[in-house]
Amino acid sequence: MRPYDAHVLLCRGGDCRKRGSKEVRKALKAELRAAGLNRDVRVDSVDCLGFCKHGPNAVVYGPNGHGGTWYLNLDEDKIAEVVNTHLKGGRPAEHLAADYRPRKGA
Ligand code: FES
């Protein structure tokens, strides 16, 4: 296999599918092609990411060593920003990324 700059795990589970994950995937692939990133960013579909009521959901690893950034409630309109800011620009699209609560005891 060859290395990728980033990896997107996109949910295709029932709840996310009902809310448009298929269209989100299509938009993501098209936007990656348009940005010339389709060979550098791997996209895989997963059955459930566990936040079903917030879907369509995705988690992005990389580029530049970024750990998992979660994007909940995605739609086709948000994909261009995820691709251009995060996958091309190299920093998470902060206002679209999920908020994290501190862990208990941290
Ligand atoms: S169905 Fe998408 S997070 Fe569960």
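Remember, predicted model here, so these are calculated numbers, not experimental data.

Trainee: Honestly, the environment of Ile79 in this entry has me stumped. Any pointers?
Mentor: Tracing the backbone through its elements, the reader meets Ile79 in helix α3 (residues 76-88). Sequence-wise, Ile79 and Val24 are 55 residues apart; in three dimensions their C-alpha atoms are separated by 7.2 Å. If we skip the residues at most four places from it in the chain, Ile79 touches Val24, Ala27, Leu28, Glu31 and Leu74.

Trainee: I keep staring at the environment of Asp99 and nothing clicks. Help me out?
Mentor: As for its position among the elements, Asp99 is in the segment after α3. Each C-alpha atom of the pair Asp99 and Asp40 lies 27 Å from the other, and the pair is 59 residues apart in sequence.

Trainee: Can you help me understand unusual backbone geometry in this one?
Mentor: Glycine aside, negative phi is the norm for most residues, and most peptide bonds take the trans geometry. Pro56 follows Gly55 through a cis peptide bond whose omega is 0°. Summarising the element assignment, Pro56 is placed in the loop between β2 (41-46) and β3 (58-61). Each neighbour pair has its own omega, and for Gly62 with Pro63 the value is -10°, a cis peptide bond. Its location among the elements puts Pro63 in the loop between β3 and β4 (69-71). Of note in the backbone geometry, Asn64 takes a positive phi value of approximately 60° without being a glycine. Taking the relative accessible area as the measure of exposure, Asn64 reaches 64% and is therefore exposed. In this structure, Asn73 takes a positive phi of about 55° despite not being glycine. With respect to the element layout, Asn73 can be found in the loop between β4 and α3.

The rules behind these values
- Residues numbered from 1 in each chain as written.
- Predicted model: local features only at pLDDT ≥ 70, side-chain atom pairs only at ≥ 80, totals over all residues.
- Heavy atoms only, no water.
- Helix = DSSP H or I, 4+ residues; strand = E, 2+ residues; numbered from the N terminus.
- Contact = heavy atoms within 4.5 Å.
- Buried < 20%, exposed > 50% of the residue type's maximum accessible area, 1.4 Å probe, protein only.

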